[in-house]
Amino acid sequence: MKPFDINNYGNLSELAYPPTDEPLRQIYFISRLQGILAKKREKLGRNIRFSVVTFGCQMNAHDSEKLEGILLEAGFEPSDEENADVIIYNTCTVRENANQKLYGHLGQLKARKKSNPEMLIGLCGCMMQQEDILDYIKEKFRFVDIVFGTFNVFMLAELLCRRYEENKQVIEVLREGTRSYENDLPENRKYSFKSGVNIMYGCNNFCTYCIVPYVRGRERSRTPEDILDDIKRLVKDGVTEIMLLGQNVNSYGKKYMDESSIVAENPDYDFPTLLTDVCKIDGIRRVRFMTSHPKDLSDKLIEVIRDNPKVCRHMHLPVQAGSTRVLQAMNRHYTRERYLEIIDKLRKEVPDISITTDIMVGFPGETEEDFLETVDLVEKVGYDQVFTFIYSIRSGTPAADMEQVPEDIVKDRFDRLLKVVSENARERVGRFKGTVNEVLVEDIDSHDDTMVTGRMNNNTIVHFKGCAEMIGSYVNVKLTEEKGFYYIGELAGE
């Protein structure tokens, strides 16, 4: 939990009107919500339970930690989705199956809501930023109680207060905003020893298949002071691994939320500079970042990774396609040759680096020749892991109006690519077999409670015999069995 004590602000709920200062306004509503829940607990003889269900990326997961922090501070009790009274779905809209998954969940909840008068359903996240989807939800799912978007995550307590007090559906989807207020509110981290930190919001790239710039807004960077202060606070709270988050971290610093202080004095402050400053913070042992766009990956960043052992030896560098013609149609701003040149530089300067990527199959107009170029690129690069996706039409994007590839052809190509990816990744990841590596223990193994799961510096997952007391610690593990994308290991001697 982020260090936060609502008692430091006095009894704001007694004010006649909400404060105009935005962070204080939201603390005021948390205080009001505490009073509402106290009366409900007295009436029902039990706590009101909540569950936040997250779809999508690391950015969404980090937003959900903030939603949970607000709910816990207000007095809700955490629960699983099946037993919750208040369910918040934090949505993703990158692919169509994410939309359908949400609709399936909502359909199942309709009957439950009728039998539980305390049940409230909230929807937030990227899907809610699309006008057509918002209209569909208003029409088809009128039993949903609150709806909000990516720019007003921080308003959760206010929206719940309005729903409880006005007893009607509340829809508040901001179309733009700075999102800076949320950093003054509580959060509930999944892990006590590692955390994500947003360094920027939005995206300026407008890839022709992607909805993100339309739902997350234009690119805005947080100031270095704010980011470094957040990380120092996290270190004091026991965090040793940081993940710097942004839709395109490599373009950090091009436009700031606030043009003051360090930024005004140093207009050339960029992502490699920030990464260097983060690594200088005492107590940080590992620094990760996500996501990198190839068009903005500089030699300077490669040198920072090479020269600083705290920066994890892992680069997630989405290529999307191996054909320059398709990359141009995607508006990716690099060629196949440029991407391979970046890979060569990375491998030359950081020989032990693990490289992962995203690849899309079936982009409109993709030919068999284009597809074979993608397969060839996979074989040339030698990825440790490839996240493969079938192109999904997103209304409102340029690619939605392009000529689509027949479904049977896409499915055949997807299956063929998966086979190549699996064979290559097994060979690449297998290079560590028999070696001893430092592993950060993250959790009890989900399939065997006598084992724990951890992650190597290069992001490879390892399972080995251990116990709950090891969670959060760094241990040396000998990798004994390679299982494709992960290892089975055993604790190494001192």
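Small disclaimer: the values here were computed from a predicted structure and weren't measured.

A. Molecular detail of the environment of R286. Looking at the element boundaries, R286 is found in strand β11 (residues 286–290). As for R286 and I242, which are separated by 44 residues in sequence, their C-alpha atoms are 6.4 Å apart. In this structure R286 touches T240, E241, I242, K310, C312, E438, V439, L440, R455, M456, N457 and Y474, once residues within four positions along its chain are discounted. A distance of 2.9 Å separates the side chain of R286 from the backbone oxygen of R455, its partner in a polar contact.

B. Region of interest: the sheet that holds β11. Strand order in the open sheet formed by 3 strands is β7-β10-β11, and the pairing between neighbours is parallel. Only two strands of the sheet have a single partner each, and these edge strands are β7 (194–198) and β11. Pairs of neighbouring strands in the sheet enclose a mean axial angle of 20°, with direction left out of account. When strand β10 (residues 241–245) meets β11, the two strands line up parallel, connected through 5 bridges. Its bridge partner being in β11, L245 is matched across the sheet by M290. Helix-sheet contacts for helix α7 (residues 224–236) involve β7 and β10, and the interaxial angle to β7 is about 165°. Sheet strands touched by helix α9 (residues 271–279): β10 and β11. Its angle to β11, the strand with the most contacts, is close to 155°.

C. Structural detail: the pairing of strand β14 (residues 385–390). Across 6 bridges, the pairing between strand β13 (residues 354–361) and β14 is parallel. Bridge pairing in β14 links T357 to V386. At this point the chain moves from β13, through helix α13 (residues 368–381), to the parallel β14, and the crossover so formed is right-handed.

D. Structural view of the state of the cysteines. If you walk through the whole model with that rule in mind, you get 0 disulfides. Residue C124 stays outside any disulfide, its sulfur separated by 9.4 Å from that of C126, the closest cysteine. With no disulfide of its own, C126 lies 6.2 Å from the sulfur of C92, the closest cysteine sulfur.

What counts and how
Residues numbered from 1 in each chain as written. Predicted model: local features only at pLDDT ≥ 70, side-chain atom pairs only at ≥ 80, totals over all residues. Heavy atoms only, no water. Helix = DSSP H or I, 4+ residues; strand = E, 2+ residues; numbered from the N terminus. Contact = heavy atoms within 4.5 Å. Polar contact = N/O pair within 3.5 Å; in protein donor to acceptor, adjacent residues only side chain to side chain. Pairing = 2+ DSSP bridges. Axes fitted to C-alpha atoms, helices over the stretch in contact; angles between N-to-C directions. Right-handed = clockwise from strand over helix to strand, strands pointing away. Disulfide = S-S within 2.5 Å.

Don't take any of this as a statement about function, it's just geometry.
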